[in-house]
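Below, each chain spelled out in residue letters.
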Amino acid sequence: MKDDCTKMTFALFIVSIALFRKRRRKYWNEEEFEKDVSNNSVSKRGIAAMSQGSSYWESFMFCLENPCDPQTNPEGYIALCTAENKLVQEMLASRLMHQSTAMTAFSDSSSYCYGSFLGLPSAREATAYFLQKRFLMKPPQPSGMHRVDSMIVPLTSLSTCESGCQFNHDASLINPEHIAFGAGVNSLISQILYILAQPGDVVLIPAPFYATFEYDARTIAGCVIYPVYMNDPTVGPTKQDLDRVARIVENHGRRIRVLLLTNPNDPLGVIYKPKVMQNAVEWARARNIHTIVDEIYALSVHKPPQLGGQFQSIIRVLENHLDNNVHFLWGLSKDFGATGFRFAILYTQNMPLLRSLANLNIFAGVPNPMQMIVADILLDDMFVDAFLEQSRSQLLSSYFICTHKLEEMVIPYIPAEAGLFVYVDFSSLIPEQTFEGEMKFASLIQKVARIVMTPGHSQKDCKPGMFRLCYAWVSPQVLTIAMERLSYIILQIRRNRSWDDLVAGNWKNEVTKCGTHLSRRRSKLY
């Protein structure tokens, strides 16, 4: 019964994608597009919103319409462009299907009623407990929350207030009043920039960076992204790197309002050392610039801090002194494989920002039942510990499938310390050292190998031929097929003296047959 429902849901999803693409095709005809615009069907803002956040989105749609399956469709498309952790979804689903989870979500009247659009008090308190334990790395205090008979309640007083709140104002600890929820980190970034900046203000982001940040900053807040190109991107931005781009911005007559850092980094998969983060914040503070720190991959590190890993949250680096100008973001999308939940956390000590967000969040708040469900999970230490350990094990297994094959192919890559991807250097294989050459390579990989990766150009990399390869969106079996296809096509590229000879070759029909026997063998191991 469960399998039938899953198949039906997937079929409906594929149909919806097909209908979406059919509607989109009319706009591939420029004349039809201009006709609709001239008829005032949408405003200029609507036209601006039509631009996609990711340049490779259409390619991703091909993968959804005809996905590779080792048994039923081994020659289908493989998406290695989406940073989602599908490897852990079954474990999360099992936890959510407990009867107690439904009780938590729907038994309290607060789930049905208006409240603060920053979040329910009990959910904010549960999140404070979670952040303190997992990010600040301090033992939660007795005034934290716990679960009793499927209800989230304060430890110190089970009847202090009807909403179940028991805020702790110790400045060294996480204050629930400084927490807000939003419908994804992208949504929160957009709203924070709308509140902190004016249209035309500049947001600095170390490059390469997550492809949709530019869309997040531009579409509603009207901000402008300036990439920070660094002497060594794997180390992170230095004060010299930041000074260099600041001079360029000033020469353009613009104001820098925000520095946006992602740690662990997307797409490099590296972890910035605490001193790098602290220096970047100090640089920004000296210039009255806000710093947003996106830590959405914080719990997907290859080696956690308690086992000697070097990742430290900005909350811990600054000893919880974020003041008015440092803003922390995290969400369930990556570490918990739950992008569809649209649940993200802002932790900031800037109260005017929170008051503004309390009003704006009516457009992008998190539904109360979802807040209750997430709070229940975040308080479940036993589950979270087991979940993160299993996630780490599965991610490392898929990471090694990728890197082992890349080393076998003699393809350089940046060794990852965290995340759901590996950043790969295919520059030696592109037909010319330009972004046009990168596009030709990406097109060949998509059309012949039926694989889509994230191109470096969309991530503002200055070197053509860099690609982000996301290994957690597919099963190890499908990943094995993808790596074998890549290996075969790379062999053909190296054998052919010219790109024209390569494209004209009769070898292309063999590519999608690669790896199927290995994937079947691997499927017996999982």
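Residues take numbers from 1 onward in each chain, read along the sequence in its written order. Only residues with pLDDT of at least 70 get local features here, since the model is predicted, and only at 80 or more are side-chain atom pairs given and counted; chain-wide, interface and lining totals rely on the full set of residues. Only hydrogens and water are set aside; all other atoms, that is, all heavy atoms of the structure, feed into the side-chain values.

The next thing to look at is the nonpolar core. Among soluble globular proteins, nonpolar side chains are generally buried collectively. In this description, a nonpolar core means a group of buried Ala, Val, Leu, Ile, Met, Phe, Trp, Tyr and Cys residues linked to one another through side-chain atoms lying within 4.5 Å. Exposure categories follow from relative accessible area, calculated using a 1.4 Å probe and restricted to protein chains: below 20% of the type maximum is buried, above 50% is exposed, and the middle band is partly exposed. Of all hydrophobic cores here, the largest spans 87 residues; its most connected members are F441, M453 and L469. Secondary structure follows DSSP: runs of H or I at least 4 residues long count as helices, runs of E at least 2 residues long count as strands, and numbering of each begins at the N terminus. The greatest single-element share of this core, amounting to 9 residues, is contributed by helix α18 (residues 476-495). Two residues form a contact once any of their heavy atoms are found within 4.5 Å. Contact partners of L469, with chain neighbours within four places excluded, come to L80, C402, L420, F421, V422, V424, M453, M483 and L486. Formed by 73 residues, the second largest nonpolar core is a distinct cluster that contains L131, V228, L299 and A338.

In short, DSSP must find at least two bridges between two strands for them to pair. Read from one edge to the other, the open sheet built from 5 strands follows the order β1-β13-β14-β12-β11, with strand pairing classed as mixed. For this open sheet the edge positions go to β1 (78-80) and β11 (413-414), each flanked by a neighbour on one side alone. With 2 bridges connecting them, β11 and strand β12 (residues 421-425) associate as antiparallel partners. Note that in β12 the partner of Y413 across the bridge is V424. In the packing of helix α16 (residues 381-409) onto the sheet, contacts are made with β11, β12 and β14 (466-470), and the angle to β12 comes to roughly 15°. Helix axes are fitted to C-alpha atoms over the stretch in contact, other axes to C-alpha atoms as well, and angles between N-to-C directions run from 0 to 180 degrees.

What follows covers unusual backbone geometry. Only a minority of non-glycine residues have a phi that is not negative, and only a minority of peptide bonds are not trans. In this structure, the amide linkage connecting N263 to the following residue, P264, adopts the cis form with an omega of -5°. Relative to the assigned elements, P264 resides in the loop between β7 (256-262) and α11 (274-286). Cis geometry marks the peptide bond from D266 to P267, where omega comes out at 25°. Residues other than glycine seldom take positive phi values, yet N288 does so here, at roughly 60°. Position of N288 relative to the elements: it lies in the loop between α11 and β8 (290-294). Despite not being glycine, E319 has its phi angle at roughly 55°, a positive value. Position of E319 among the secondary structure elements: in the loop between α12 (314-317) and β9 (326-331). On the basis of relative accessible area, E319 is assigned to the exposed category, the value being 58%.

Take the packing of helix α8 (residues 185-196) against helix α14 (residues 351-360) next. Between α8 and α14, the least distance of the axes is 10 Å, while the angle of their chain directions is 120°. Judged by the inter-axis angle, α8 sits oblique to α14. In terms of crossing hand, the pair formed by α8 and α14 is right-handed. Together, L188, Q191, Y194, I195 and L196 of α8 and L353, S356, L357 and L360 of α14 make up the contact between the two elements. Note on terminology: angles under 35 degrees are roughly parallel, angles over 145 are roughly antiparallel, angles of 65 to 115 are roughly perpendicular, and the others are oblique. Crossing handedness follows the turn of the near helix against the far one: under a right angle anticlockwise gives a left-handed crossing, and clockwise gives a right-handed one.

This part takes up the pattern of salt bridges. The salt bridge criterion pairs a side-chain nitrogen of Lys or Arg with a carboxyl oxygen of Asp or Glu, the two atoms within 4 Å. Counted by the stated rule, this structure contains 17 salt bridges. When the shortest N-O distance is used, the salt bridge between D241 and R244 registers 2.8 Å. Of this pair, D241 and R244 both sit in helix α10 (residues 239-251), separated by 3 residues, roughly a single helical turn. For D241, a relative accessible area of 2% translates into the label buried. As a salt-bridge pair, E389 and R392 come within 3.0 Å of each other at their nearest N and O atoms.

Position of V228 among the secondary structure elements: in strand β6 (residues 224-228). Residue classification places V228 among the buried residues on the basis of a relative accessible area of 0%. Linking V228 and K460, residues 232 residues apart in sequence, is a C-alpha distance of 9.6 Å.

Two descriptors summarise a pair of aromatic rings, namely the distance from one centre to the other and the angle between the planes of the rings. The aromatic pairing rule takes the rings of Phe, Tyr and Trp, using the six-membered ring of Trp, and pairs them if the centres are within 6.5 Å, calling planes under 30 degrees apart stacked, those over 60 edge-to-face and the rest tilted. Counted according to the given criterion, the structure contains 18 aromatic pairs. With a centroid separation of 5.2 Å and an interplanar angle of 40°, the aromatic rings of F130 and W330 are classed as tilted. One end of the pair, F130, is in helix α7 (residues 121-134); the other, W330, is in strand β9, and 200 residues separate them in sequence. The same class applies to F130 as to W330, namely buried. By the criterion adopted, a ring carries a charge over it if an Arg CZ or a Lys NZ lies within 6 Å of its centre and within 35 degrees of its normal. In this structure, K86 packs its charged tip against the face of W473, placed 3.7 Å from the ring centre. Stacked on the ring of F383, the Lys or Arg R95 has its end atom at 5.7 Å from the ring centre.

Further remarks concern the sheet that holds β8. Across the sheet, which stays open at both edges, the 7 strands sit in the order β4-β10-β9-β8-β7-β5-β6 with mixed pairing between neighbours. Of all the strands in the sheet, the pair left with one neighbour each is β4 (179-182) and β6. Going across the sheet, the axis of each strand differs from the next one's by a mean of 25°, ignoring polarity. Docked against the sheet, α7 engages β4, β9 and β10 (344-348), running at close to 105° with respect to β4. The sheet contacts of α8 involve β4, β5 (202-206), β7, β8, β9 and β10, and relative to β9 the element is tilted by about 160°.

Before going further, it helps to examine the pairing of β7. In terms of burial, β7 is largely enclosed, as 7 of its 7 residues are buried. As paired elements, β5 and β7 share 3 bridges and run parallel to each other. Bridging across to β7, V202 finds its partner in I256. One ladder, built from 5 bridges, connects β7 with β8; its direction is parallel.

This next bit is on the environment of N361. Mapped onto the elements, N361 comes out in the loop between α14 and α15 (368-378). Taking the C-alpha atoms as reference points, N361 and Q191, 170 residues apart in sequence, are found 8.2 Å from one another. If we ignore the near neighbours within four places in the chain, the residues touching N361 are F117, L118, F181, G182 and Q191.

Time to look at the confidence of the model for the protein chain. Each residue carries a pLDDT value, the predictor's own confidence for that position, ranging from 0 to 100. Summarising the model, the protein chain shows a mean pLDDT of 86, and 84% of its residues fall at 70 or more. For the stretch residues 147-168, pLDDT sits under 50, and the model shows 59 contacts to residues farther than four places along the chain or on other chains. A low-confidence stretch, residues 519-526 (pLDDT under 50), is modelled with 16 contacts involving residues beyond four sequence positions or located in other chains.

This brings us to α11. Given the number of residues in a helix, its expected span is that number minus one, multiplied by 1.5 Å. With 13 residues, α11 extends 18 Å from end C-alpha to end C-alpha; this agrees with the ideal 18 Å at 1.5 Å per step. For α11, the full list of buried residues reads V276, M277, A280, V281, W283 and A284. One face of α11 carries all of its buried residues, which in axial projection span an arc of 160°. Turned more than 90 degrees away from the buried face of α11, the exposed residues are K275 and A286. Where α11 is buried, its residues touch β5, α10, β7, β8, α12 and β9. Of the residues trailing α11, N288 is marked for its positive phi of about 60°. Working definition: the arc comes from the directions between the helix axis and the C-beta atoms, pointing outward to the latter.

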